[in-house]
Amino acid sequence: MAGGARDVRKVFLFTTTQNYFGLLSEPWDQQLTYCCPEVNNFLDDGNQMLLRVQRSDAGVVFSNSIDFADTKDKVLVFFKLRPEVITDQNLHSNILVSSMLESPINSLYHAVRQVFAPMLLKDQEWSRHFDPKLQNLLSELEAGLGVVLRRSDTNLSKLKFKEDDTQGILTPSDEFQFWVEQAHRGNKQISRERAGYFKELFETIARDFYNLDSLSLLEVVDLVEATRDVVDDVWRQTEHDHFPESRMLHLLDIIGGSFGRFVQKKLGTLNLWEDPYYLVKDHLRAGISICEQWVIACNHLTGQVWQRYVPHPWKGEKYFPVTLDKLGKRLEEVLAVRTIHEKLLYFLPASEEKIVCLSRVFEPFTGLNPVQYNPYTEPLWKAAVSQYEKIIAPAEQKIAGKLKNYISEIQDSPQQLLQAFLKYKELVKRPTISKELMLERETLLARIVDSIKDFRSDFENRCRGVPGEASGPLSGKNLSEVVNNIVWVRQLELKVDDTLKIAEALLSDLSGFRSFHRAAEDLLDQFKLYEQEQFDDWSRDIQSGLSDSRSGLCIEANSRIMELDPSDGSLKVHYSDRLVILLREVRQLSALGFVIPAKIQQVANIAQKFCKQAIILKQVAHFYNSIDQQMIQSQRPMMLQSALAFEQIIKNSKAGSGGKSQITWDNPEELEGYIQKLQNAAQRLATENRKLRKWHTIFSEKVVVLMNIDLLRQQQRWKDGLQELRTGLASVEAQCPVAWQSRWEGPEDPLQYLRGLVTRALAIQNWVERAEKQALLSETLDLSELFHPDTFLNALRQETARAMGCSVDSLKFVASWKGRLPEAKLQIKMGGLLLEGCSFDGSRLSENQHDSPSVSPVPTCCVGWICQGAYGPYSPEECISLPVYTSAERDRVVTNIDVPCGGSPDQWVQCGAALFLKNQ
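What counts and what doesn't
Residues numbered from 1 in each chain as written. Predicted model: local features only at pLDDT ≥ 70, side-chain atom pairs only at ≥ 80, totals over all residues. Heavy atoms only, no water. Pairing = 2+ DSSP bridges. Helix = DSSP H or I, 4+ residues; strand = E, 2+ residues; numbered from the N terminus. Axes fitted to C-alpha atoms, helices over the stretch in contact; angles between N-to-C directions. Patch = residues over 30% accessible without salt bridge, like charges linked within 9 Å, V, L, I, M, F, W, Y side chains within 5 Å. Areas by Shrake-Rupley, 256 points an atom, 1.4 Å probe, with all protein chains shown as cover. Salt bridge = Lys/Arg side-chain N within 4 Å of Asp/Glu carboxyl O. Phe/Tyr/Trp six-rings, centres within 6.5 Å; stacked < 30°, edge-to-face > 60°. Buried < 20%, exposed > 50% of the residue type's maximum accessible area, 1.4 Å probe, protein only. Lys NZ or Arg CZ within 6 Å of the ring centre and 35° of its normal. Lys, Arg positive; Asp, Glu negative; His and termini not counted. Charge placed at Lys NZ, Arg CZ, Asp CG, Glu CD. Arc of directions from axis to C-beta. Contact = heavy atoms within 4.5 Å.

Further remarks concern the sheet that holds strand S9 (residues 780-782). One open sheet accounts for four strands, arranged S9-S11-S16-S10; its pairing is mixed. The open sheet has two edge strands with one neighbour each: S9 and strand S10 (811-816). Averaged over all pairs of adjacent strands, the angle between their axes in this sheet comes to 40°, without regard to strand direction.

See below:
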């Protein structure tokens, strides 16, 4: 086996080397290498186990050893399984071939991860015979190599950390794991805290990316949105040093790559040409949405939002994921092909010609996987599409007339005409059909021109009005005026933009398109100008308010956090609601793409810094200002000491061990301690109140038991129950004021209870008499006269269901202070209601004044049962559902009534608003 030109062993070595290093078209001295001693040693010496091949400036270099200097260059290695001389017979059974790129760690890591770990750990045949301990060691080896690779210096003795080096970050999971590792192994505490912060931000999406292949397409559509929010939060964070731009660029790229591969894998399980159209359409639309949404997110974040974010601006060019964008466009083409085919099936007659034509329509795509987009498959795809268009050309000619007839029948209805063009837009785009529908497209263009005029007129009529009013912009929830106006005009922009896209896709060849296009662009420019004017006006107003101490926009870091108002004794937190609104406006306007002026951003940053503490303090202040409403009147003296202790903490808000200075916002440790003291005191007071209310409820229940005893036949049972009640009172007598004990006093003789019983019995007899005269439902009724008012309301519900011929479950209970209920078959006038926690004048709820009674009567209302789908006297947005209790102790609910409140239902929940029946 001498080293001649016919030596098949050397032919194998040199051919492999040629292919690996790409030397097929380059001259290199094969005769010299045939006489190379290193090659001969490897082939002819059984003890020589290795042949290393490396390309240098001088050519191809062979060696029988691995040098450390090889780590940065491409290296090809041939090595033996057994120490034998290589022959023709063992050439392919004793030589292994391996390559190294960048570093041996990199090569080993990817070989383990991509080849050996999946085979030895996941393959059933191999994993069954592979020792579990060795499986664990292999997993640990893969993880350890990944840790080393994710650090910039692959020298094991010096594991350094460079955030700009991302050579080991191949997937989003690698990036997330990098911050997990850095949070535990960082060199400095501040670095570990920063890494831990990023780790927590990424945790919301890390699990989904780790299990990406198990998710559905629709779940990944949601994941795209969540990922956009997470990377935005990572970029915008100001708690620690900023996230490096180069690393973020790499992260956006590998996330896009993961989404693209996921879409290709999921769609690859379908037969896009033969599977049912509805199934293919849904999957393709989800895949297109994933691609489009990530492309839009990257473009928006790096091209607008981050470039304008002053604390951490994006300095480079905007990032555009080209491959993912082109994959999305390829999927759109596939969907268009299937959609056109579906429309052809709909319009063509069921004939043999149709069957023959449509059976071969997808033949050009045979052997071509449309989801595998890359520059090499693009020419094949275009050729297949061209062939496909030739096949369907005769069918298009036939259906053009049918489509024309269909559209001509509905062209008098602008909405139906637009919907028809949208429904068949894939067909209308075809040149043959587009030419045939010239007149109909002209009609559509005229309708679209009119819609642009309507948009302009609506905008000009509303743009200077007040949001929510008939002459102003439409209003949204929880939006300030400036944000509401900008959101409103953005919605108009979207409508005009959608109209423009429809026209560009279907009508761009028409003579009137250019004038329409100019009018639409002019209107969009007008919208942009209005947006900017709104933002500029807001900026001026806020900046002028920053110099006015009464505006509520000024917060001094060294100012007192809270104090008692001397006028009414209420607790005030020195953090105005206007600051909360400003924070929301800054956040929303930033999300809308506006650059916040530096002064406003600075104030917002300060306000944001103290926002968490301010919210807690406002909750404590609200508790302090409303606790008297939560107490039972007669129990207030029992909680006097706890209330005084709470008030003392509020009054003595001093910092330091000596308590010489006031606690201020800029002293976070003292502030946290003070807030904790306030919360503990408030919790003690609330707990004591709950305990006393519980005692009150227990005694109430005992009284109810007494009320259910037959006084004529069970007098001894009555006396035993009464004694039990007195024993319970005696257990808390030390805390009980006389006023509270007096609520539970009663005669040992049951005559007093009997009198109350007789009162209700007489009232019931009166009800019966009115019912017999058919006058019960026409007069005002006081439900407190009944033993079980809820039973009466349920009977009214059942009777209403019989009258309406529907089930009782399909009815809802409503009340009206406007007059009778037109939707109710049966209704009553209800009186005797009392309201606690606020006041009600029959139109809307209002806050109690300092001199207002704690309980106020409610005007008579009409109540009844109506269908669930009926609108009712009030819209849900302006009402709050208040419970109706049998008594002021709120121990038993009769029903719930929607009461008009004018919005902000949380305000009335915090006030403890509730209705109850008056006492008899």
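Anyway, onward from the coordinates.
Moving on, we come to a nonpolar patch on the surface. Together, Val115, Phe116 and Met119 make up an exposed nonpolar region whose accessible area comes to about 260 Å². Along the chain, Met119 turns up in helix H5 (residues 104-122).

On to the packing of aromatic side chains. Between two aromatic rings, the relevant description is the distance of the centres plus the angle of the planes. For the coordinates displayed, the defined rule picks out 31 aromatic pairs. Judged by centre distance (5.8 Å) and plane angle (50°), the ring pair of Phe365 and Tyr388 falls under tilted. Here Tyr388 lies in helix H15 (residues 378-408) and Phe365 lies in the loop between helix H14 (352-359) and H15, a separation of 23 residues in the sequence. When sorted by exposure, Phe365 lands in the same class as Tyr388, which is buried. What links up through ring pairs into an aromatic cluster is the set Phe176, Phe178, Trp179, Tyr197, Phe198, Phe202, Phe209, Phe243, Phe259 and Trp294. Above the plane of the ring of Phe42 lies Lys80, whose end atom (NZ or CZ) is 5.2 Å from the centre.

Attention shifts here to a negative patch on the surface. A cluster of acidic side chains, namely Asp208, Glu219, Asp222 and Glu225, defines a negative patch on the protein surface. Element by element, the count of residues in the negative patch is highest for helix H10 (residues 217-236), at three residues. In this structure, Glu225 sits in helix H10. Assessed through its relative accessible area of 45%, Glu225 is described here as partly exposed.

Buried residues of helix H16 (residues 414-423): Leu417, Ala420 and Phe421, and no others. All buried residues of H16 fall inside an arc of 95° around its axis, so they share one side. Here the buried face of H16 lies against H15, helix H17 (425-428), helix H19 (438-462) and helix H20 (481-506).

Take the pattern of salt bridges next. Evaluated as defined, the whole model comprises 23 salt bridges. Between Asp213 and Lys265 there is a salt bridge, with its nearest N and O atoms 3.0 Å apart. Within this pair, whereas Asp213 is found in the loop between helix H9 (189-210) and H10, its partner Lys265 is found in helix H11 (residues 245-268), the two being separated by 52 residues in sequence. Ionic contacts of the salt-bridge type, sharing partners, join the residues Asp7, Arg9 and Asp44 into one network.

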